[in-house]
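# Structure at a glance
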Amino acid sequence: MYLFVKVLTHFTLWLFCKRISLYNRASAQVETPMVLGCNHPNSFLDAIVIGAQMKNRVHFISRSDVFKKAWVRAILKSVNMIPIYRMRDGKHNLSKNDETFEITREILQRGEHVLIFVEGFCKYQTTLQLPLKKGAPRMLVQGWQDGVDLKLLPVWVRYSSFFDFPKEIDINFGTPFGKEILKGHEENGAAMFVINKQTEIQLQFLSGIKNPQRPVLNKAILFVPAMLAVITHVLFYMPLQQLAWKFRGAQFYDSILFCLIAFLYPVYMLLVAFIFYSVLGIWGGLAALVGLPLLAKAYVMWK
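Residues numbered from 1 in each chain as written. Predicted model: local features only at pLDDT ≥ 70, side-chain atom pairs only at ≥ 80, totals over all residues. Heavy atoms only, no water.

### Considering the side chain of serine 207
- Residue placement: serine 207 occurs in helix 6 (residues 188–207).
- At 2.7 Å, the side chain of serine 207 forms a polar contact with the backbone oxygen of glutamine 204.
- Setting aside anything within four residues of it in sequence, one finds serine 207 in contact with Trp156 and Arg158. (Helix = DSSP H or I, 4+ residues; strand = E, 2+ residues; numbered from the N terminus. Polar contact = N/O pair within 3.5 Å; in protein donor to acceptor, adjacent residues only side chain to side chain. Contact = heavy atoms within 4.5 Å.)

The structure is reproduced here in structure tokens:
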């Protein structure tokens, strides 16, 4: 399920974004176990866009309230989501975090990645929200005590807009760091402070990096296919946009819209291809299957 969703995510990001730019791309290729310490401006879309860039398998720490329904919990766990419990979820639930950290401990011992949002909450913002929480340092310290050569990779994600479509996204990767930063500060409290300070320094630096714009085709060349995209996609896109818009106040708009497109656009492509196949035969069906996403991309680049 994870690999299927990752492929689907890459395809949808290609449709959803005018540009995705990576800074320090080499850090995303590291295969040794890492904790990804990320900022959190745009709900679970942050995890989607960052996780898709990583070469190694990523597991995601996510707010526990989305796990309440059994069928939702099953789906989320199938794509490597792990619940974290906060005070607002009830003080009696905080003890469940011991199980969460035990799960992440086993994941890191297997050599995989864990993504955690170091600010501890989601807020539409373009600056780092301080102080950083203790979840990431706790994982690092535990990993080192287990003898795991564990690193923390700071990651900053920035969007051109939280509501407009299409998106331009910058994903800035820092430099992974490990136990060498402690320099004698081995006691847990001191170690966690040093880890958060290094994470803060890197994230503040990464937040200021502006990735260069890529040259695009002349808009005049894209105009006709972009208008054809409007004609062929308006009945698909507008209802999804309206549905996702209902979640805007809860900071879920972008994430809900992305997921709706990811899972329903392939269905729409197949439906249109079947109609063309019924009328024009096999070549008509293939033309629709290939042409629809190309027209959609032309609109994204033109807009």
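### What to know about the pairing of strand 3 (residues 58–63)
- Burial analysis of strand 3 places five of its six residues in the buried class, which makes it a mostly covered element.
- The pairing of strand 3 with strand 5 (residues 113–117) spans three bridges and is classified as parallel. Directly across from phenylalanine 60, in strand 5, lies its bridge partner leucine 115.
- For strand 3 and strand 4 (residues 81–84), the ladder comprises four bridges, and the chain directions are parallel. Residue pairing across strands places serine 62 opposite proline 83, the latter belonging to strand 4. (Buried < 20%, exposed > 50% of the residue type's maximum accessible area, 1.4 Å probe, protein only. Pairing = 2+ DSSP bridges.)

### Some thoughts on the sheet that holds strand 1 (residues 17–23)
- Spatial ordering of the open sheet is given by 1-7-6-2-5-3-4, a layout of seven strands whose pairing is mixed. In this open sheet, the two strands that pair with only one neighbour each are strand 1 and strand 4. Averaged over neighbouring strand pairs, the angle between their axes works out to 25 degrees when direction is ignored.
- In the packing of helix 4 (residues 97–109) onto the sheet, the strands contacted are strand 2 (34–38), strand 3, strand 4 and strand 5, and the crossing angle to strand 4 comes to about 145 degrees. (Axes fitted to C-alpha atoms, helices over the stretch in contact; angles between N-to-C directions.)

### Focus: helix 5 (residues 135–145)
- In terms of burial, helix 5 is a largely internal element, eight of the 11 residues being buried.
- Along helix 5, the residues classified as buried are Gly135, Ala136, Pro137, Met139, Leu140, Val141, Gly143 and Trp144.

### Points about the packing of aromatic side chains
- Considering all chains together, one arrives at 17 aromatic pairs under this definition.
- Relative to phenylalanine 163, the ring of tyrosine 124 has its centre 5.3 Å away and its plane inclined at 75 degrees; by these criteria the two rings are edge-to-face. With tyrosine 124 in the loop between strand 5 and helix 5 and phenylalanine 163 in the loop between strand 6 (151–159) and strand 7 (167–173), the pair connects residues that are 39 residues apart, well separated along the chain.
- Residue classification places phenylalanine 163 among the partly exposed positions, given a relative accessible area of 23%.
- For the ring pair tyrosine 299 and tryptophan 302, a centre distance of 6.0 Å and an interplane angle of 40 degrees mean the geometry is tilted. Here tyrosine 299 and its partner tryptophan 302 are both found in helix 9 (residues 282–302), three residues apart, which amounts to about one turn of the helix. (Phe/Tyr/Trp six-rings, centres within 6.5 Å; stacked < 30°, edge-to-face > 60°.)

### Side note on the pattern of salt bridges
- With the rule as written, the count across this model stands at 11 salt bridges.
- Among the charged side chains, a network of salt bridges with common partners joins Arg19, Arg158, Glu168 and Asp170. (Salt bridge = Lys/Arg side-chain N within 4 Å of Asp/Glu carboxyl O.)

### A closer look at the nonpolar core
- Ranked by size, the top nonpolar core spans 55 residues in total, and within it Leu36, Val49, Ile50, Ile171 and Tyr265 carry the most contacts.
- Residue contributions to this core peak at 11 residues, all from helix 8 (residues 253–280).
- Ignoring any residue separated from it by four or fewer positions in sequence, one finds isoleucine 171 in contact with Ile20, Ser21, Leu22, Tyr23, Val49, Ile50, Gln53, Val155, Trp156, Val157 and Asn211.
- Counting residues in hydrophobic clusters, the runner-up holds 31 residues, among them Met139, Trp144, Leu150 and Leu206. (Core = buried A, V, L, I, M, F, W, Y, C linked by side-chain atoms within 4.5 Å.)

### Let's talk about the packing of helix 1 (residues 2–16) against helix 2 (residues 45–53)
- Remark: helix 1 packs on helix 2, axes separated minimally by 10 Å, with the N-to-C direction vectors making an angle of 105 degrees. By the angle class used here, helix 1 and helix 2 are roughly perpendicular. Residues Tyr2, Lys6, Thr9, His10, Leu13 and Phe16 of helix 1 form the contact with helix 2, whose own contacting residues are Leu45, Ile48, Val49, Gly51, Ala52 and Gln53.
- For the contact of helix 1 with helix 2, the residue count by class is seven nonpolar, four polar and one charged. (Parallel < 35°, antiparallel > 145°, perpendicular 65-115°, else oblique. Nonpolar A, V, L, I, M, F, W, Y, C, P; charged D, E, K, R; others polar.)

Fair warning: the whole summary comes from geometry, so function is off the table for now.
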